[in-house]
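As a plain string of letters, each chain reads:
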Amino acid sequence: MVVPMDEKRSMYIKYIGILVLLCLPMVGILGLFLSRNIITPNDEFFVVSKGETPIVSSNTWNLMIEGNVNNSLTYSYSNFTSLPSKEILATLQCVDGPSGTAVWKGVSVKELLDLAQVQPGAIDVVFYAADDYSSSLTIQEASMDNVLLAYEMNGELLPAEQGFPVRVVAPDHLGYKWVKWVVRMEIVDYDYIGFWESRGWSDNAYRTPLSDWILHAELLAISFLLGGIALMSGLKRSPVTNFFQDLPKFVNKKFHIVVGIGYLLTSLSTFFYWVISTILNRGAIFYTVHGITALVSIVLVIPGAITGFKKSKKRDQNKKTWHYKWNITSFYLFLATVILGFSLIFIRWLYFY
Ligand code: HEM
Ligand code: HEM
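Residues numbered from 1 in each chain as written. Chains lettered and ligands numbered in written order. Predicted model: local features only at pLDDT ≥ 70, side-chain atom pairs only at ≥ 80, totals over all residues. Heavy atoms only, no water.

**Topic: the side chain of Thr270**
Stage number 1. Secondary-structure assignment places Thr270 in helix 6 (residues 253–282).
Stage number 2. Note on Thr270: relative accessible area 6%, which makes it buried.
Stage number 3. A polar contact is formed between the side chain of Thr270 and the backbone oxygen of Thr266, at a distance of 2.6 Å.
Stage number 4. Beyond its immediate stretch of four places on either side in the chain, Thr270 contacts His216, Leu219 and Leu220. (Helix = DSSP H or I, 4+ residues; strand = E, 2+ residues; numbered from the N terminus. Buried < 20%, exposed > 50% of the residue type's maximum accessible area, 1.4 Å probe, protein only. Polar contact = N/O pair within 3.5 Å; in protein donor to acceptor, adjacent residues only side chain to side chain. Contact = heavy atoms within 4.5 Å.)

In structure tokens form, the structure reads like this:
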């Protein structure tokens, strides 16, 4: 059959349009990921605190270093800022999603620990803030070259809401280890459990791909593309609609099954990877509406796949198959999950920045 040019053109426009829509989440998240490595100006940097910002004056501020050390130390602001300093580029990532990157200048915690002469048997360094907040790092973690007590951010004095006069910078750890308004460092010989840590959050708080929502969103956006292609290729073979009937010849049953299995495997494995990582990082999984639609859509992927493998008897041409019903419902919920995922980012952006 010869297809007229006009029809061919509108067919290309239709499928290119659908593919662009299916790729949008993937491209959007990649963009978000890449933009995170760019320095965030101080006035656009997100703020997360347990309460009000305490007002600390550099005239009265002192830093005490004490506990299991041979040489307890106290610094005034001018003494502290005259110590040898270093600058590092590091990303502050909150366990709740937002993140920002800045150049931080300050004093290496390792050098402070060396000056204080930590005693054998010491386990943790506890950082106490002016507002009663506290958190800890192990001696080994705090002695990493990239851990600072910073007093400058992007070439300016640390803003009050970012911890003036001094905050912890611990690039390999999540934001709740980056204690602000630090007034005291205590070296202790036990495993100290800090403010958020005692409320169920991980004590080691490592920043890994597991702690970052970006990875689950990017992988599931790829699943979304596969799901969309599986749906189109399935519908091409369905008597229920003729909207996808003009798809090319290579979109056959085998193609449908391969893409369908791709969708099944990527969505299930990423989902469980993400759920396990949320449990590991938070000690619990908190379901938002996004989490609930995610869970239901993933549960429905399973009967969707099983019914695809069932040997089909002669089908009633006017009736939707169970394979059709499970998969359509699951895919629409997956779409809702993706939209809610972006809404979550938007709401957090409004709230934190
Ligand atoms: C593709 C676009 C998506 C974006 C932008 C996105 C974004 C997010 C964000 C920002 C969070 C909160 C992270 C945190 O609290 O640390 C989250 C959590 C979660 N996402 Fe997604 N997500 C997307 C897709 C999906 C999909 C397709 C699923 C599964 C089908 C899914 C499952 C989950 C689950 C289970 C959670 C944790 C539970 C919760 O906090 O509600 N996400 N997502
Ligand atoms: C585990 C993977 C999957 C397998 C093994 C599978 C298998 C099949 C088979 C054998 C058919 C009948 C094709 C024919 O008669 O030539 C079919 C049709 C169909 N598939 Fe799948 N499929 C899978 C995944 C999916 C997914 C993920 C979707 C949607 C997101 C989907 C949507 C459909 C639809 C809408 C039809 C047409 C149903 C009808 O006859 O009305 N399938 N599939």
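And the narrative resumes.
**Details of unusual backbone geometry**
Stage number 1. In the segment running from Phe164 into Pro165, the intervening peptide bond is cis, with an omega of 5 degrees.
Stage number 2. Among the secondary structure elements, Pro165 is positioned in the loop between strand 8 (156–157) and strand 9 (167–169).
Stage number 3. Even without a glycine there, the phi angle at Asn154 is positive, about 50 degrees.
Stage number 4. Judged by its relative accessible area of 23%, Asn154 falls in the partly exposed class.
Stage number 5. Here the phi dihedral of Trp181 falls at roughly 50 degrees; this positive angle occurs in a residue that is not glycine.
Stage number 6. Locating Trp181 in the fold gives a position in the loop between strand 9 and strand 10 (182–188).

**What to know about the pattern of salt bridges**
Stage number 1. Across all of its chains, the model carries 6 salt bridges by this definition.
Stage number 2. Put simply, Glu197 and Lys177 hold a salt bridge, and the shortest N to O gap is 2.8 Å. Here Glu197, found in the loop between strand 10 and helix 5 (213–236), pairs with Lys177, found in the loop between strand 9 and strand 10; they are 20 residues apart in sequence, far enough to count as distant. The two residues Glu197 and Lys177 agree in class, both being buried.
Stage number 3. Of the charged contacts in the structure, one is a salt bridge between Lys177 and Asp203, with a shortest N-O distance of 3.5 Å. Highlighted residues: Lys177 in the loop between strand 9 and strand 10 and Asp203 in the loop between strand 10 and helix 5, separated in sequence by 26 residues.
Stage number 4. Classification of Asp203 as partly exposed rests on a relative accessible area of 25%.
Stage number 5. Overlapping salt bridges, with partners in common, bring together Glu66, Arg184 and Glu186 in one network. (Salt bridge = Lys/Arg side-chain N within 4 Å of Asp/Glu carboxyl O.)

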